[in-house]
Amino acid sequence: MCETNDGFVISEKDLELRGSGDFFGTMQHGLPEFKIANLFEDMAILKKVQVVAQEIMANDAELKLPENQLLQRVVNQKLEKLGTGTL
Amino acid sequence: MVDLKKDVKYIKGVGPNRAELLNKLGIFTLQDLITYYPRNYEDRSKPKTLFECVDGEEALIEVVATSKIVETRFGRKTMQKLMIGDETANAEAVWFNQTYLKSKFSIGQKYRMYGKIDRKYRKIQIMSPVFDEYGTTQNTGRIVPIYPLTYNLSQNVIRKIMENAINEVYGNISETLPEYLLKKYSLLSINQATKNIHFPKELEDFQKARTRLVFEELLMTQLALLKLKYYDKEKIKGIAFSKKHKISEMIEQFPFTLTNAQSRVLDEIEKDMESSKMMNRLLQGDVGSGKTAIAMCAAYKAVKSGYQTVIMAPTAILATQHLENFEKIFSKLEIKCELLISGITKKKKEDILQRLKNGEIDILIGTHAVLEDNVEFKNLGLVVTDEQHRFGVRQRNKITKKGQNPDTLVMSATPIPRTLALILYGDLDISIIDELPPNRKKIQTFAVSKHMQERVDNFIKKQIQEGRQAYIVCPLVEEGEDNNLKSVIELAEKYQKEIFPEYRISYLHGKMKQKEKDEIMLKFKNHEIDILISTTVIEVGVDVPNSNIMVIEDAQRFGLARITSITWQSWKRRISIILYFKI
């Protein structure tokens, strides 16, 4: 315990030890709820996804290209759930 | 293509009664149903001979019925026994209170059964097995899904319903991921993934299905947040605050110099504020790293540019503390601050609301109370929320709507690794204060086991004799609030009677009324209490500079993130921490 006072190091360690359920249990509100993903177990997929998402946004931020039509539909559903309405 | 919005009651095997039970699980549509994923699986696909079965294990057997069901009655209960056998041994299948089974078996017929094996001496029993006629695979002979919480629906029923639903949708669900992503990342099609997540043939099927579904879920969430950010930035016209009033004027008011990290963050914020784009920024930094000073600077710029600012804190105590700090600085500058929390009198509240609407109040500091509909601003320009995780995206939206696209600054002391920050707050830009003011004492943390309690108690005594104060934090008891309550009161009594009879001890817990809590915190702050014992309610963090020690009992129950958040969010700087572990 005495080894580090760096919160980022500690919280990453904690996430590793306890899994995201407990980690987010301490944060509770306002977090996205996942039906199947588990931010701890699926960290590898998450990292991959973030690269994909940033690439897509860099090329087609409004998701208007024909190949991204499918994404746009589901993303808009997500946004509606967040209470922001379709963008 | 199938209509996934179809009411679940029209799915084969559901009907109005079961639909009601499904509704309780949050399942209303076909879509909800097929995304109600199993929590686990049981491999019922690998048969064993009776000879191989071990006592206590769950096993699949393939047997022939060698008798009719014999029912025995004792009291109100009944027991059904069926003699069975395979080429290696004979056995009994046993059920309780399942009278209807009588007609289900015929002598000489082969069945698959799955259940718990009870093997004592030479006798083999299989207890309450699920079964199929050989050749069918409703309950056995494959990997079966186990669904989470099902109310009064048995696993069998929900499994059957799911099977019907999958049969209906399989091959007819419109793809949700673009072809190029499926190809590039070798992901299953939505149809295959949906089928295999519920009814995998092999474990590998399940893993592939899960990967595809997780990929999609995370991608859509991440894209939604990034799109929100893009939209806020590019499409919405925000407020361009005046370039004439520089944050540096405010910095001169502080009795201390800023750290490099603070200066860097302030540059980022000033740039955001002066641009006509909407600011949506998350500011992360330990307690004591100087987030409040940053908030003051931003508020100063907003007010000087002719706009109002609102600061939202998660608790009344914190809001009050903010007000005190703000007034110290802003009263000199003739900037008017007010406090809006639920505890104030109706008259005072009405007065505040009136002046807020007229623009006579420059900075409003408060709790959730500021979200109420009757709170109207003249021209809200800046929203600062303290402790992000207590205010969700939705609440942020609500407060933002009280102005014309005001800038938003979210402050959080909880450290979040980068990858997670992106999926949790991907709609925000992130600034980090990764440096503490030079005079800030590092927190000392000691982990000790319970047998060192005497030494620790003596240490506390010494501190109190020197005029300091201490916190003792109680273990969290998982079974519920009542137990927490008990443990706090018990602990307080123990300390008062056995260990520190000469000192003033008081306690706090989550079931107390806010007013009581505030009173006790105030007493502690005024040094009318020496030792405060509490559950984690004290986490909301009042600055009591005279306290310098905190003891956390049964620290292993809290988890590191919790402990670090307790230590940072609350006592700022001058405190040593002792963690008891049961070793």
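Residues numbered from 1 in each chain as written. Chains lettered and ligands numbered in written order. Predicted model: local features only at pLDDT ≥ 70, side-chain atom pairs only at ≥ 80, totals over all residues. Heavy atoms only, no water.

**Some thoughts on the overall build of chain A**
To be explicit about the condition: Here a helix means four or more residues in a row that DSSP labels H or I, a strand means two or more in a row labelled E, and each is numbered from the N terminus. Accessible area is worked out with a 1.4 Å probe on protein chains only. A residue is then buried under 20% of its type maximum, exposed over 50%, and partly exposed in between. Under the convention used here, a 1.4 Å probe and the Shrake-Rupley method define accessible areas, while residue burial counts only the protein chains that appear.
Looking only at helices and strands, chain A features three helices and zero strands. Reading chain A from its N terminus to its C terminus gives the helix and strand order α-α-α. Each of the 87 residues in chain A was classed as buried or not, and the buried ones make up 41%. With the model as given, the accessible surface of chain A reaches about 4800 Å², and the carbon-plus-sulfur share is 51%.

**Section: the sheet that holds strand E14 (residues 380-386) of chain B**
Residues and elements named next belong to chain B. Note the threshold: Two strands qualify as a pair provided that DSSP identifies no fewer than 2 bridges between them. Axis definition: a line fitted to C-alpha atoms, limited for helices to the stretch in contact. Angles are taken between N-to-C directions and run from 0 to 180 degrees.
Read from one edge to the other, the open sheet built from seven strands follows the order E12-E13-E11-E14-E15-E10-E16, with strand pairing classed as parallel. The open sheet has two edge strands, strand E12 (337-340) and strand E16 (429-433), and neither has a second partner. Taken pair by pair, the neighbouring strands of this sheet meet at an average axis angle of 20 degrees, ignoring direction. Sheet topology note: the strand E10 (residues 280-285)/E16 ladder contains five bridges and is parallel. Along E16, the bridge assignment pairs Gly 285 with Ile 433.

**Some details on the packing of aromatic side chains**
Residue and element names in this part refer to chain B. The test is simple: Here a Phe, Tyr or Trp ring, Trp counted by its six-membered ring, pairs with any other such ring whose centre lies within 6.5 Å, and the pair is stacked when the planes are under 30 degrees apart, edge-to-face when over 60, and tilted otherwise. For a lysine, the NZ atom is tested; for an arginine, the CZ atom; a charge sits over a ring if that atom is within 6 Å of the ring centre and within 35 degrees of the ring normal.
Throughout the structure, instances matching the rule amount to 13 aromatic pairs over all chains. Residues Phe 105 and Tyr 111 carry aromatic rings whose centres are separated by 4.8 Å and whose planes lie at 65 degrees to one another, so their mutual orientation is edge-to-face. By relative accessible area, which is 10% here, Phe 105 ends up buried. According to the relative accessible area criterion, Tyr 111 is buried, its value standing at 2%. Site record: aromatic cluster; members linked through ring pairs are Trp 95, Phe 105, Tyr 111 and Phe 131. The cationic tip of Lys 195 hangs over the ring face of Tyr 170; the distance from NZ or CZ to the ring centre is 4.6 Å. The residue whose ring lies beneath Lys 494 is Tyr 495, and the NZ or CZ to ring-centre distance is 5.8 Å.

**A closer look at helix H5 (residues 190-198) of chain B**
Residue and element names in this part refer to chain B. Filter applied, for reference: Contacts are residue-level and defined by heavy atoms, with any inter-residue pair within 4.5 Å sufficient.
The buried fraction of H5 amounts to seven of the nine residues, a majority that puts the element mostly inside the structure. Turning to H5, its buried residues are Ile 190, Asn 191, Ala 193, Thr 194, Asn 196, Ile 197 and His 198. Looking at the buried side of H5, the elements it contacts are helix H2 (30-34), strand E1 (40-43), strand E9 (143-146), helix H3 (155-169) and helix H6 (203-235).

**Here we look at the pattern of salt bridges**
Opposite charge on two side chains permits pairing when their charged atoms draw close. For clarity, the cut-off: When a carboxyl oxygen of Asp or Glu is within 4 Å of a side-chain nitrogen of Lys or Arg, the pair counts as a salt bridge.
By the definition in use, this model includes 30 salt bridges over all chains. Of the charged contacts, one joins B:Arg210 and A:Asp42 as a salt bridge, the two residues approaching to 2.9 Å between their closest N and O atoms. Here B:Arg210 is found in helix H6, whereas its partner A:Asp42 is found in the loop between helix H1 (7-25) and helix H2 (43-60) on a different chain. Here B:Arg210 and A:Asp42 have matching classes, each one buried. Between B:Lys348 and B:Glu338 there is a salt bridge, and its shortest N-O distance comes to 3.9 Å.

**Points about the packing of H5(B) against H6(B)**
All names here are of chain B. This is how the line gets drawn: Reported orientations rely on four angle classes, namely roughly parallel under 35 degrees, roughly antiparallel over 145, roughly perpendicular from 65 to 115, and oblique for the rest. With the far helix as reference, a near helix turned anticlockwise by less than a right angle produces a left-handed crossing, and one turned clockwise produces a right-handed crossing. Three classes are used: nonpolar for Ala, Val, Leu, Ile, Met, Phe, Trp, Tyr, Cys and Pro, charged for Asp, Glu, Lys and Arg, and polar for all others, with Gly counted as polar.
At a closest axis distance of 8 Å, the pairing of H5 and H6 adopts a crossing angle of 120 degrees. The angle between H5 and H6 places the two elements in the oblique class. In the packing of H5 onto H6, the handedness of the crossing is left-handed. Listed contacts from H6 to Ile 190, Ala 193, Asn 196 and Ile 197 of H5 are Asp 205, Phe 206, Ala 209, Arg 210, Arg 212, Leu 213 and Glu 216. Each residue belonging to the contact of H5 with H6 can be placed in one class, and the counts come to six nonpolar, one polar and four charged.

**Observations concerning the pairing of E10(B)**
A large share of E10(B) lies buried, amounting to six of its six residues. Burial of the side chains of E10(B) extends over both faces: B:Asn280, B:Leu282 and B:Gln284 are buried on one face and B:Arg281, B:Leu283 and B:Gly285 on the other.

**A look at the nonpolar core**
Residue and element names in this part refer to chain B. The following threshold applies: Residues enter a nonpolar core if they are buried and are Ala, Val, Leu, Ile, Met, Phe, Trp, Tyr or Cys, with the set joined through side-chain atoms within 4.5 Å.
Judged by nonpolar contacts, the single largest core of 76 residues is most densely connected at Leu 22, Leu 33, Leu 177, Phe 215, Leu 218 and Leu 219. Looking at this core, the element that brings in the most residues is H6, giving 12 residues. Each residue touching Leu 33, except ones within four places of it in the same chain, is listed here: Val 8, Ile 11, Leu 22, Ile 27, Ile 161, Met 162, Ala 165 and His 198. Of all hydrophobic cores here, the second largest spans 43 residues; its members include Leu 258, Val 265, Ile 335 and Leu 339.

**Considerations on unusual backbone geometry**
Trans is the common state for peptide bonds, and a negative phi is the common state for residues other than glycine. Residues and elements named next belong to chain B. Positive phi, normally seen in glycine, also occurs at Asn 97, with a value near 50 degrees. Structurally, Asn 97 can be placed in the loop between strand E6 (90-96) and strand E7 (110-120). You will see that His 527, though not glycine, has its phi angle at about 60 degrees, which is positive. Locating His 527 in the fold gives a position in the loop between helix H16 (514-525) and strand E20 (531-534).

**Digging into the confidence of the model for chain A**
All names here are of chain A. Worth spelling out the cut-off: A residue's pLDDT is simply how confident the predictor is in it, with values from 0 to 100.
When pLDDT is averaged along chain A, the result is 71, and 56% of the positions lie at 70 or above. Ranking the helices and strands of chain A by mean pLDDT puts H2 first, with 94, and H1 last, with 47. Counting contacts from residues 1-5, a segment whose pLDDT is below 50, to residues more than four positions away or on other chains yields 10 contacts. Note on residues 16-30: pLDDT under 50 across the span, and 29 contacts to partners over four residues away in sequence or across chains.

**Notes on the confidence of the model for chain B**
A residue-level look at chain B finds 89% of positions with pLDDT of 70 or above and a mean pLDDT of 86. Note that residues 569-573 of chain B has pLDDT below 50 and, in this model, 28 contacts with residues that lie over four places away or in other chains.

**Concerning the packing of helix H10 (residues 316-330) of chain B against H16(B)**
Residues and elements named next belong to chain B. Viewed as axis vectors pointing N to C, H10 and H16 meet at an angle of 45 degrees, and their least axial separation amounts to 10 Å. Compared by their axis directions, H10 and H16 come out oblique. Residues Ala 316, Ile 317 and Glu 324 of H10 touch H16, and the partners they reach there are Gln 514, Asp 518, Met 521 and Lys 525. Class assignment of the residues belonging to the contact of H10 with H16 gives a composition of three nonpolar, one polar and three charged.

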